[in-house]
Amino acid sequence: MLHRTQVVIIGAGPAGLLLSQLLHRAGIDCVVLERRSRAYVESRIRAGVLEHGTVALLEQAGAAERLHREGLPHDGFSLALDGETFRIDVRALTGGRTITVYGQTEVTADLIGLHVARGAPLIFEAEDVALHGVTGSQPSVTYRHQGQARELACDFIAGCDGFLGVSRSAIPEERRQEFQRVYPFGWLGILADTPPCDHELIYSNHARGFALASMRSPQRSRYYIQVSMQERLEEWPDERLWDELAIRLGPAAAARMTRGPAIEKSIAPLRSFVSEPMRHGRLFLAGDAAHIVPPTGAKGLNLAAADVGLLAEALAEHYAGHGDSGLDHYSERALARVWKAERFSWWFTHLTHRLPNMDGFALRMQISEMIYLRESRAAQTVLAENYAGLPMAAAGHGYGAPPAAAS
Ligand code: APR
Ligand code: PHB
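Residues numbered from 1 in each chain as written. Chains lettered and ligands numbered in written order. Predicted model: local features only at pLDDT ≥ 70, side-chain atom pairs only at ≥ 80, totals over all residues. Heavy atoms only, no water.

**Some points on the site of ligand 2**
Threshold: A cutoff of 4 Å decides nearness: a residue is near a molecule or strand if any of its heavy atoms lies inside that distance of it. Here a polar contact means two N or O atoms within 3.5 Å. Within protein one must be a hydrogen donor candidate and the other an acceptor candidate, and residues neighboring in sequence count only if both atoms are side-chain atoms. Residue-level accessible areas treat just the shown protein chains as cover; the underlying method is Shrake-Rupley with a 1.4 Å probe. Of the two site types, the cavity is a set of points on a 1 Å grid over the protein atoms alone where a 1.4 Å probe fits but cannot get out, and the pocket is an open set with protein on both sides within 12 Å along at least five of seven lines, each lined by residues with an atom within 4 Å of a point. Pocket or cavity membership: a molecule qualifies when more than half of its atoms sit within 2 Å of the grid points of that site. Put simply, DSSP marks the helices as runs of H or I at least four residues long and the strands as runs of E at least two long, and each gets a number from the N terminus on.
Around ligand 2, 15 residues are found, and the nearest of them are Tyr203, Ser214, Arg216, Tyr224 and Gly297. In this structure, Tyr203 approaches ligand 2 through a side-chain N or O atom, which is 2.7 Å from an oxygen atom. A distance of 3.0 Å separates an oxygen atom of ligand 2 from a polar atom in the backbone of Gly297. Considered on its own, ligand 2 offers 280 Å² of accessible surface; in the complex 100% of this is hidden by protein. Most atoms of ligand 2, that is more than half of them, are within 2 Å of grid points of the largest cavity. Listing elements by their share of the shell around ligand 2, those giving two or more residues are strand 16 (211-217) and strand 17 (220-227). Ranked by the residues each element gives to the shell around ligand 2, the list is headed by strand 16, at three residues.

In structure tokens form, the structure reads like this:
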């Protein structure tokens, strides 16, 4: 069966869902194809810090009602060095910008709810999704649904299918460049229905490794510790994990920490990754399909949102007959912002984690940087403006030109 739409969106993570909602608001037709079930997508647990720009996009998408009711506005966060904390006043250091703590799980549920309410074409359990003719004028996407083969003809394809999706590989290898760092440790996370130990987040650099105290609501806490990727979940019963958190977060946080049974516990690897360019013909990549950041600083969802904000604007310009300059500059502009967030997430990870091969010099460099941050308003300002989120750059950065052909 052949159907037609203007934009096919592959993937119903935050990138695909937000793009679909923004396009709907701009009067552009699209279909979202998702490999997993709705229940699976709605139960994934990810980070939970939204930049002001992300909140503004969710407002534009008409998806911020519950976020404004239940999201927790934060003016800053704390850093800890061997258990001693100091505060980064993001609001004061950035001229009034704040961040909002609201789980990515909730963002996803809100966006799916809006799609279902308006009967939007959001197809779960779409199998064997394949892209065709992306460099021609009539691309299409084939897939199987409930045992039937389907085909969608379209003007554009948005690859929002995450790091393990199929879209990125529709760009031939010789037209693509990949950049990657895999970190020699992971994050062990625990979610519990207990009040958080502080009203803001605490990122802790400790001799035993990194720890983070975060939250989802005034009744639900989220914590992480750095572990080696060789560790297994069975080695971390709840009590051992709470004991370790108490040591790494320091005595003040430990005294206010409420222990409780884990409602979710998992180990995630840390990776930095960028694939350039983010456009190939009529295919546009957005979110984790094009880039991954380590979770330190919670930039993943915010980067995905910034990508689709830019892409939605460019597509709206195209369909309004205002030309293709936005589409032509999409990759370069998105990548300019992506690389800054990559740099920040990489730096913040190195500042706060103990690497297995750190020698005395490396350790003293790290500790000196933490102490400098504690004492210098200038250093804190750099951290705060990156944490709050950088603006989208103008065109003209030249990122993502295809690699020169080998001669
Ligand atoms: N066909 C259809 N859908 C697919 C396919 C495929 N072949 N492969 C993957 N998908 C779906 C996944 O099941 C997932 O629901 O694409 C979606 C991609 O979603 P995310 O991985 O959440 O990526 P993205 O929407 O870019 O969101 C970025 O989410 O992964 C976190 O840390 C990341 O916070 C960041 C944000
Ligand atoms: C989270 O709450 O899951 C979280 C918060 C901040 C981060 C990463 C994850 O930097």
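**What about the environment of Ile367?**
Inclusion rule: When checking whether two residues touch, look at their non-hydrogen atoms; a contact exists if any pair is within 4.5 Å.
One can find Ile367 in helix 11 (residues 360-375). When the C-alpha positions of Ile367 and Ala12 are compared, they lie 41 Å apart, and in sequence the two are 355 residues distant. When near neighbours in sequence (up to four residues on either side) are disregarded, Ile367 contacts Leu81 and Arg354.

**Re the UniProt feature "domain: FAD-binding" (unreviewed entry) in the protein**
In plain terms, the rule: UniProt positions are given in the numbering used here, feature names are shortened, and annotations may be inferred rather than shown by experiment.
Under the local residue numbering, the UniProt record ascribes the feature "domain: FAD-binding" (unreviewed entry) to residues 4-345. A helix fraction of 32% and a strand fraction of 32% characterise residues 4-345, whose end C-alpha atoms lie 40 Å from each other.

**Notes on the pattern of salt bridges**
Defined as follows: Here, a salt bridge means any side-chain nitrogen of Lys or Arg that lies within 4 Å of a carboxyl oxygen of Asp or Glu. Think of it in three bands: with a 1.4 Å probe and only protein chains considered, a residue is buried below 20% of the maximum accessible area for its type, exposed above 50%, and partly exposed in between.
Under the definition given, this model contains 24 salt bridges. Across the pair Arg176 and Glu178 runs a salt bridge, and its minimum N-O distance is 2.6 Å. Judged by relative accessible area, which is 14%, Arg176 ranks as buried. Given the relative accessible area of 43%, Glu178 is considered partly exposed. Salt bridges sharing partners connect three or more residues here, namely Arg66, Glu70, Glu106 and Asp110.

**Focus: the sheet that holds strand 5 (residues 72-74)**
Put simply, the rule is: Strands were regarded as paired on the criterion that DSSP finds at least two bridges between them.
Pairing is antiparallel across the open sheet formed by three strands, whose spatial order is 4-8-5. Of all strands in the sheet, those bounded by a partner on one side alone are strand 4 (49-50) and strand 5. Bridge count for strand 4 against strand 8 (residues 99-101) is two bridges, and the pairing is antiparallel. Residue pairing across strands places Leu50 opposite Thr100, the latter belonging to strand 8.

**Details of empty space enclosed by the protein**
Condition: Grid points are joined across faces, edges and corners, and a volume is the space filled by probe spheres set on the points.
Scanning the model with the defined rule gives four cavities of 30 Å³ or more in all. Taken as a whole, the largest cavity spans an internal volume of roughly 100 Å³. The greatest single-element share of the lining of the largest cavity, amounting to three residues, is contributed by strand 16. Computed from the structure, the second largest cavity encloses a volume of approximately 70 Å³. Taken together, Glu51, Lys299, Arg337, Lys340, Ala341, Phe344, Asn386, Gly389 and Leu390 make up the full set of residues lining the second largest cavity. Per-element tally for the lining of the second largest cavity: the top contributor is helix 10 (residues 325-352), with four residues.

**What about the site of ligand 1?**
Here is the rule we go by: By the convention adopted, Pro, Cys, Tyr, Trp, Phe, Met, Ile, Leu, Val and Ala count as nonpolar, Lys, Arg, Asp and Glu as charged, and the other residues, Gly among them, as polar.
Around ligand 1, the surrounding shell holds 24 residues, and the nearest of these are Glu34, Arg44, Arg46, Gln104 and Asp288. In the environment of ligand 1, an oxygen atom lies 3.3 Å from a nitrogen or oxygen atom belonging to the backbone of Pro14. Note that an oxygen atom of ligand 1 is positioned 2.8 Å from one of the side-chain N or O atoms of Gln104. Protein contacts shield 90% of the accessible area of ligand 1, which totals 700 Å² for the unbound molecule. Put simply, the parts of the chain that give the shell around ligand 1 at least two residues each are helix 1 (14-25) and helix 9 (300-319). When the residues that make up the shell around ligand 1 are grouped by side-chain class, the tally is ten nonpolar, seven polar and seven charged.

**Regarding the packing of aromatic side chains**
Filter applied, for reference: What counts as a ring pair is set by centres within 6.5 Å for rings of Phe, Tyr and Trp (its six-membered ring), and what kind of pair is set by the plane angle: stacked under 30 degrees, edge-to-face over 60, tilted for all other angles.
For the coordinates displayed, the defined rule picks out 18 aromatic pairs. Here Trp187 and Phe210 contribute two aromatic rings whose centre-to-centre distance is 5.1 Å and whose plane-to-plane angle is 20°, an arrangement assigned as stacked. With Trp187 in strand 14 (residues 177-192) and Phe210 in the loop between strand 15 (202-205) and strand 16, this residue pair connects regions lying 23 residues apart in the sequence. Both residues of the pair, Trp187 and Phe210, belong to the buried class.

**A short note on the state of the cysteines**
Put simply, the test is: Any two cysteine sulfur atoms lying within 2.5 Å of each other are counted as a disulfide.
Scanning the entire structure with this criterion turns up zero disulfides. Not engaged in a disulfide, the cysteine Cys30 finds its nearest cysteine sulfur in Cys160; these two sulfurs lie 9.9 Å apart.

**Topic: the nonpolar core**
The criterion, for reference: Residues belong to one nonpolar core when they are buried, are Ala, Val, Leu, Ile, Met, Phe, Trp, Tyr or Cys, and are joined through side-chain atoms within 4.5 Å.
By size, the foremost hydrophobic cluster in this structure holds 69 residues, and its most contacted members are Val7, Ile9, Leu18, Leu19, Leu23, Leu33 and Leu58. Tallying contributions element by element places helix 9 first for this core, with ten residues. Setting aside its immediate chain neighbours within four residues, Val7 contacts Leu23, Ile28, Asp29, Cys30, Val31, Phe156, Ala158, Leu315 and Tyr319. If you look at the next biggest cluster of nonpolar residues, it comprises 34 residues, including Leu79, Trp187, Leu355 and Leu373.

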